[in-house]
Protein chains: 2
Amino acid sequence: MNEERRGFLRKSFLGALGAGLATGMGAKAMAQAGPDDPAIIEKQIWQTTLGQPVAVKPYGEPSIYEKYLQRRQSPGLTAVDAASVSFAPLQGFFGIITPNGLHFERHHQGWYDIDPNKHRLMINGMVKKELVFTMDDLMRLPSTSKFHFIECGANTGMEWGNVAVPTVQYTHGMLSCCEFTGVPLSLLLEMAGADLKKGKYVLAEGNDGSGMTRTIPMEIALDDVMVAWAMNGEMLRPENGYPLRLVVPGVQGVSWVKWLRRIEVGDKPYGTKDEAVHYIDLMPDGTHRQYTTVQEVKSVITTPSGGQQLLTTGFYNISGLAWSGRGKIQRVDVSVDGGRNWSQARLESPIMDKCLTRFNIDWVWDGKPAILQSRAVDSTGHIQPMINALREVRGTRSIYHNNAIQSWKVDTNGEVSNVQVG
Amino acid sequence: MNEERRGFLRKSFLGALGAGLATGMGAKAMAQAGPDDPAIIEKQIWQTTLGQPVAVKPYGEPSIYEKYLQRRQSPGLTAVDAASVSFAPLQGFFGIITPNGLHFERHHQGWYDIDPNKHRLMINGMVKKELVFTMDDLMRLPSTSKFHFIECGANTGMEWGNVAVPTVQYTHGMLSCCEFTGVPLSLLLEMAGADLKKGKYVLAEGNDGSGMTRTIPMEIALDDVMVAWAMNGEMLRPENGYPLRLVVPGVQGVSWVKWLRRIEVGDKPYGTKDEAVHYIDLMPDGTHRQYTTVQEVKSVITTPSGGQQLLTTGFYNISGLAWSGRGKIQRVDVSVDGGRNWSQARLESPIMDKCLTRFNIDWVWDGKPAILQSRAVDSTGHIQPMINALREVRGTRSIYHNNAIQSWKVDTNGEVSNVQVG
C-alpha cells in the first residue's frame, strides 16, 4: 500500500469513526470499555501467578477459546465419510495463509499416513529411462518454494441450483492457500528423458485405494507444476498427501494428486473416470464439457458473512479473499448496496501469481438492510461474473466451476445471510 | 527466478548429476530404487483398504512419522522452565513460513491462555484521551497483513564464547516467520490523540506476571509496528501472546510484547529492567550498549547442518535462511571450502521486507572434508560478518546480537558439526 493510499484510507476511516461516535464502534469503545474498566484496573490471575513452562507442548495447539473454529463436514452433503469433503472455516481466517490444521479435505477413499520410507515415485511412459525415486532421492534435488491457492472444482457448487447454504465455510470452504516446497516436475521429466515431441500429456496417479488419476497437458506440466513434500514450512499433512503430492498452480484441486506415486508420459488424454465422468461441466443442452481445469477469477467477503451478526451500527472492516488461476489479482471492488455502487478495496501485499490475495475496505453500517458483494479482476483482464450472467451460459445443472459474485444480505437486526442477487 | 537463471541452474544441476552417476545421488536412485522395486510393484495396504474419513481430526496434526520434529529446550540452558526458551527445529523447515505449532518460545514468567473477553488494551500517557479497547473493538478496525521474521536478541548467543552447540536448532532456533494480521499502532495513537511533538517514545506492557515492558522510539512505532491478533491465518497461539501481541518488524523479539495490555506515550526512554539490565551488549571494556534493537543482516545453512550426516557422496541441495532487520535480502553467497571461494545462491520469491528469505544452491560432495558457510547482504548494503571480525569489536562476553557467519564442517564420514572458522 503506498503512502498516498494509506493517508487516504486513514482519513476516510477517521471520518467514519467521527461519524459513528454516537452510535457505532466509537460509542462502543467509549461505553463498554474505558480507563475505569475492571478488566484493565483489577489484577487478573495471569498477572499474579506463574504461567505454563516452555515446550510443555512440543507441538503447539490453538487457544481453548478457538476450539469451535474447525473444518467441518456439511451435514447434508454425503454419508460416505471416506469419500467426502471437510470445509475450511474461512470466516475465522486472517491474511492469506491457511493453517495446516484447518486446510480443507477432499478424499476419494479416505486418507492414510503413509510411511515415507515405503513411498516411491515412478516416472514412466514415453521416457528414455524409467525412474523410481525414494523420498530421500527427491529431497536431495534442487527445490523451490512457492505460495499458491488450491480450490476444489466443486467449490461454491451448491449455488448453481440456488441452494444457498448458510455460511462462507460451506459456500467457499473448499479453498486453502499454502507455501509449497518441492521439486519442479519439469526437472524429473528431464532426468527421465521424456519425449517432448510425442509426449503431449502426463498422467498423475495417487497411492490411495481410489486409484485417483488425472491427465495434465504437457505445457502445464513443464510450466510451474511441482512435486511437493512440504506445506507452510513443514512436511505435508497426511490428509493433504503426505509424503508427496502434485501442486498444479491455478488448476482445480482434483489434479493436485495426493500420495503421488507415478507420473506417466503419454501422447493423448487418458480419459480416466475422474475426468470423463466427474469434474465435468453439465451444460444446458445436456452435453459435457471435459478438461475444464483452470479456476477462473473469483472472490468472496469472509467478514461479515453468512451466519454472523452485527451487534451495533457503525464502523466495520469488510474483509475477504480474491484469487485467479490465470495470474495475479489486479483489483477488487466492493458494493454494499447489491451492485449499484462499487468502491475499490485495498489489497494486502505481496500479490502473488495464482495465490490468494486478502482485501479490506472500510464500511459504516447505518442499520439499514445492505447487500455486500465483492468483484475481482485478474491480471489477464477477466472479471468475476454475476450469478445470472454465468447461468445464462452454463445453466443450473452443473456442480463445478462456479466463480460468480457472492452476495451477503445484512438485515436490520444485523443478521447476515446468503442471498442470490444479480 | 527468471527463465535465464532457471535454465542455467538446470544445466548446472544435470551436469552435476552426470558427474555423480557413479558415486552419488544418481547411483543411489538407480541402485536403491528401480522399476522392479517391491515398494512400487507390490500393492500396499493404503491401496487396498479404506482410509480414514474427513474431519476425523477437526484440527489436523502432523504425520506420526514427523513426531520427533519438536521445539525443544536446551538441556543445559536453564532449569526455570517458566522463564526459559524452546528452540524451533530449523533443520526440518521448508520455505519461509514457521508452522505455528513449532514457533519458538521465550517466556519470562510462563504462558497463559487468556480469555479474550477479559482482555483489554489501554492507550495512555501523553494522549488527548485515554482509550481502552476490547478485542471486538480492535478487530473492527481497518486491519493489515504482513509477513515478518521474529528473532530473539539472544539467538546464536552461545557462539560468542565459542560454545559451539551441536545443531542449528540450538544455534539459530530462536527464529520464526509468520504472516501477521492486526491494526497499525499508528492508527491507535492517532485515535487517542497522541502528542507527537513531545511524545518521542512509547512503552509497551504485557499482561503476564513478568511485567514485561519495553521502550520503542516513536519513529519506529509510527512506521510499521502492528498490534496483531493473528499469525499464519489464525488467532495467535497462547505461547505467542494470544489474544494480542505487538509486532515490531526488524526489531529483536523481546520488544514484540506478548499478551499486550498497554501502550503508554512518553517523552523519554523508560529504562525498564528488560532494557537496562537485560538485552544489552556487554562490550570488551566492560561498558553496556543499551537499546540496540535492530536485528542485523544474518543467514544460516539449515541443510546440511550440525548433527546431520551425509550418507553418500554426490549431489545435494544446500538450503538455508537469510534475513535482515534493516530491509530486504539482496544476495546470499555460499562457500563449501571455509570461505576461500563463494558462489551466489538462488533466492526464493517473494523477497519481502524484514522477512525470512529461503536460499538454495547446488553442491556435489566429493567425500572430502568441507566447510559450509553462507553470507548474506541486505538492501542497505550491510554484509554479514565473520565471527572473528565481530569479536574484534564486540569481544566475547556478550550474549546478544550475534549475526556472524555460521560454519558447518562436513567430515569424511559425512558427519556435520558446528565449528568456528574465520
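Residues numbered from 1 in each chain as written. Chains lettered and ligands numbered in written order. Predicted model: local features only at pLDDT ≥ 70, side-chain atom pairs only at ≥ 80, totals over all residues. Heavy atoms only, no water.

*Asks:* With reference to specific residues and values, describe helix α10 (residues 387–394) of chain B.
*Replies:* Residues lying three or four places apart along an α-helix face the same way, a consequence of the helix completing one turn every 3.6 residues. Residues and elements named next belong to chain B. Those residues of α10 not exposed but buried are Ile387, Leu390, Arg391 and Arg394. Seen along its axis, α10 keeps its buried residues to an arc of 100°; they face one direction. Within α10, the exposed residues directed more than 90 degrees away from the buried face are Glu392 and Val393. Close packing links the buried residues of α10 with β13 (281–282) and β14 (288–289). Directly beyond the C-terminal end of α10, a positive phi value near 75° is found at Gly395. (Buried < 20%, exposed > 50% of the residue type's maximum accessible area, 1.4 Å probe, protein only. Helix = DSSP H or I, 4+ residues; strand = E, 2+ residues; numbered from the N terminus. Arc of directions from axis to C-beta. Contact = heavy atoms within 4.5 Å.)

*Asks:* Before we move on, could you go through the domain arrangement of chain A and cite the residues and values that matter?
*Replies:* All names here are of chain A. Here chain A is partitioned into domain 1 (81–289) and domain 2 (298–419). One C-alpha centre belongs to domain 1, the other to domain 2, and the line joining them spans 27 Å. Counting residues at the interface gives 42 residues for domain 1, matched by 37 residues for domain 2. Carbon and sulfur atoms supply 56% of the area buried between domain 1 and domain 2, which totals about 3400 Å² over both sides. In this structure, the connection of domain 1 to domain 2 is made through three salt bridges. Elements with a contribution of two residues or more to the side of domain 1 that touches domain 2: β5 (144–151), α6 (168–172), β6 (175–184) and β13 (281–282). Sort the elements by how many residues they give to the side of domain 1 that touches domain 2 and β5 lands first, with four residues. Of the residues that constitute the side of domain 1 that touches domain 2, the class distribution is 20 nonpolar, 16 polar and six charged. (Domains from an automatic or database assignment. Buried area = accessible area lost by both parts, 1.4 Å probe. Salt bridge = Lys/Arg side-chain N within 4 Å of Asp/Glu carboxyl O. Nonpolar A, V, L, I, M, F, W, Y, C, P; charged D, E, K, R; others polar.)

*Asks:* Account for the UniProt feature "domain: Moybdenum cofactor oxidoreductase dimerisation" (unreviewed entry) in chain A, naming residues and giving values.
*Replies:* Per the UniProt record, "domain: Moybdenum cofactor oxidoreductase dimerisation" (unreviewed entry) is found at residues 293–406 of chain A. Helix and strand shares over residues 293–406 of chain A are 7% and 39% respectively, and the end C-alpha atoms of the span are 21 Å apart. (UniProt positions renumbered as here; feature names shortened; annotations may be inferred.)

*Asks:* Can you lay out the sheet that holds strand β23 (residues 416–419) of chain B for me, pointing to particular residues and giving the numbers?
*Replies:* All names here are of chain B. In spatial order, the strands read β18-β17-β21-β22-β23; together these five strands make up an open sheet with antiparallel pairing. Of all the strands in the sheet, the pair left with one neighbour each is β18 (343–344) and β23. Strand direction decides the pairing type here: strand β17 (residues 329–335) and β18, joined by two bridges, are antiparallel. Bridge assignment links Asp333 to a residue of β18, and that residue is Gln344. (Pairing = 2+ DSSP bridges.)

*Asks:* Quick one: what's the story with the pairing of β17(B), residue by residue and with numbers?
*Replies:* Strand residues, when the strand is regular, have side chains that alternate between the two faces of the sheet. Residue and element names in this part refer to chain B. In terms of burial, β17 is a largely internal element, five of the seven residues being buried. Where β17 meets strand β21 (residues 370–378), six bridges bridge the pair, whose relative direction is antiparallel. Bridge pairing links Val334 to Ser374 in β21.

*Asks:* Explain the UniProt feature "domain: Oxidoreductase molybdopterin-binding" (unreviewed entry) in chain A residue by residue, including any values.
*Replies:* The UniProt record marks residues 111–270 of chain A with the feature "domain: Oxidoreductase molybdopterin-binding" (unreviewed entry), using the residue numbering of this structure. Helix makes up 14% of residues 111–270 of chain A and strand 36%, with an end-to-end C-alpha separation of 25 Å.

*Asks:* Break down helix α7 (residues 185–192) of chain A for me, citing the residues and quoting the values.
*Replies:* Residues and elements named next belong to chain A. Counting buried positions along α7 gives seven out of eight residues, so the element sits mostly inside the fold. Restricting attention to buried positions, one finds in α7 the residues Leu185, Ser186, Leu187, Leu188, Leu189, Met191 and Ala192. Note on α7: the residue one or two positions beyond its end, Gly193, has a positive phi of about 70°.

*Asks:* Account for the interface of chain B and chain A, with residues named and values stated.
*Replies:* Facing 114 residues of chain B, the contacting portion of chain A comprises 114 residues. Between chain B and chain A, the buried area comes to about 10400 Å², and carbon and sulfur atoms account for 59% of it. Interface area lost by chain B to chain A is led by B:Trp46, B:Phe94 and B:Arg140, which between them contribute 9%. At the boundary of chain B and chain A, one finds two salt bridges. Its salt-bridge partner being B:Arg120, residue A:Asp37 comes within 2.7 Å of it at the nearest N-O pair. Our count for the chain B to chain A interface comes out at 59 residue pairs in polar contact (both at pLDDT 80 or more). (Polar contact = N/O pair within 3.5 Å; in protein donor to acceptor, adjacent residues only side chain to side chain.)

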